[in-house]
Amino acid sequence: MLQTIAIKVTPVQESKINAVDWENLPFGKVFSDHMLVMDYKDGAWQDAEIIPFGPIAMHPAMSAIHYGQSIFEGMKANKTVNGDLLIFRPDMNAKRFIESAERMCMPPIPEDIFVELVRKMVEVESNWIPSKEGYSLYIRPFMFATDEFIGIKPSETYRFVIFTCPVGAYYSEPVNVKIEEFYTRASVGGVGRAKVAGNYGAALAPARIGQKNGYHQLLWTDGKTHEYIEESGTMNIVLVIDGVVISPSEESDTILRGVTKRSVLDLAKHWGYPVEERKVSVKEIVEANKNGTLTEAFGAGTAATIAHIVKIGYRDGDLILPPVEGRTFSNRVYDYLNDLKAGKIEDTFGWTLKV
Ligand SMILES: *Cc1c(COP(=O)(O)O)cnc(C)c1O
């Protein structure tokens, strides 16, 4: 069934934009002027509204905060050198949002409507897209259950919101990750493939242990044997071993299907690299590091794009990886994606949506 949704725009009286320190943009702390809000009730999505950004009132029994029906997405918009506005692969986020919604028993938003809501929001906030290179407008769509009811059942009402944040670089430096062999991020049959709020809350305590020891993030292993690496909790993992671009297979439902990783692997294939998506054991990584064939490792995700990994903590020791400067594949990918978002190269894959 085709549904169309009207979007009513109520602009702010006065923009906050002049108060922003554009030279020092922290990640996720500066919010643009507006937000989009759309409610689900009586079995259907209602019309959307773009209104001044601000607090959302809630009932103390609102079901999302008790029972966790809460999902989100993250993507970026950029301003090109010609002043065009581009959103990177929003159709992929729309598809994933549908999958997350279905897994959490929430009403999906049709792909074309999701993309149009995101597009409209970016259009309204277009002067909030930084033009500085490497900077972007981060877009955060999310949906949560709003029934005012204590009891475990799918909510009958939901709210969908999009807000945006102008952001600088997520990590200013390469990262250290720690291979986690006790705690589990996701298990087979669970919700690891969905972008569900609770996945991130559950990872905080284990991550803090790693952070106390100097690791930015954990490198999660499979929940059953802890022998195979999965991902890093906000980014997928890509390795180059012996010239082969390798990433843990998404076949199990424990790994989030990242848009950035997919783009990286598409580029690798396009450039003629051998690409393998398969199980990747910790043992293989340790051995490849020892014999010098592990030449590159990085996290791929919207926030960081490419986060070079320079150190991998494993049990009581550390694997030290080759210097970032010599990493031909990941540096090429990073430059390509940046140039694409800056409009410096032609979008031959059709990855960007012009606003
Ligand atoms: C969002 C996310 C990623 C990265 O996905 P992108 O679509 O590339 O941003 C990776 N892992 C997890 C668990 C995530 O939530």
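Residues numbered from 1 in each chain as written. Predicted model: local features only at pLDDT ≥ 70, side-chain atom pairs only at ≥ 80, totals over all residues. Heavy atoms only, no water.

Re unusual backbone geometry
The following threshold applies: Labels follow the DSSP assignment, with helices taken as runs of H or I lasting at least four residues and strands as runs of E lasting at least two, numbered in each case from the N terminus. A 1.4 Å probe rolled over the protein chains alone gives each residue an accessible area, and that area as a share of the maximum for its type sets the label: buried under 20%, exposed over 50%, partly exposed in between.
Although it is not a glycine, Arg 89 sits at a positive phi angle of roughly 45°. With phi around 55°, His 226 is a residue other than glycine that occupies positive phi space. Residue placement: His 226 occurs in the loop between strand S10 (217-220) and strand S11 (236-241). Judged by relative accessible area, His 226 falls into the buried class, the value being 14%.

Concerning the packing of aromatic side chains
Heads up, the rule is: Whether two aromatic rings pair depends on their centres lying within 6.5 Å, for rings of Phe, Tyr and Trp, where Trp uses its six-membered ring; planes under 30 degrees apart make the pair stacked, over 60 edge-to-face, and the rest tilted.
Within this structure, the stated rule accounts for 22 aromatic pairs. Centroid distance Trp 22 to Trp 128: 6.1 Å. Interplanar angle 50°. Geometry classified as tilted. Within this pair, whereas Trp 22 is found in the loop between strand S1 (7-9) and strand S2 (34-41), its partner Trp 128 is found in the loop between helix H3 (111-124) and strand S7 (136-145), the two being separated by 106 residues in sequence. For Trp 22, a relative accessible area of 27% gives the class partly exposed.

Digging into the domain arrangement of the protein
In many analyses, interface size is given as the accessible surface area lost on bringing the parts together. Rule in force here: Each domain's limits were defined by an automated method or a database of domain assignments. Residues are treated as being in contact if the distance between any of their heavy atoms lies within 4.5 Å. Here the quantity called buried area is the total loss of accessible area, with a 1.4 Å probe, experienced by two parts when brought into contact, counted for both. Here, a salt bridge means any Lys or Arg side-chain nitrogen found within 4 Å of an Asp or Glu carboxyl oxygen.
Assigned domains within the protein: domain 1 (7-168) and domain 2 (175-341). Here domain 1 and domain 2 have C-alpha centroids that lie 27 Å from each other. Between domain 1 and domain 2, the contact holds 23 residues from the first and 22 residues from the second. In this assembly, domain 1 packs against domain 2 so that about 1,900 Å² is buried in total across both faces, 60% of it on carbon and sulfur atoms. Inspection of the domain 1/domain 2 interface yields two salt bridges. Looking at the side of domain 1 that touches domain 2, the elements with two or more residues in it are strand S4 (70-72), strand S5 (75-79), strand S6 (85-88) and helix H2 (90-103).

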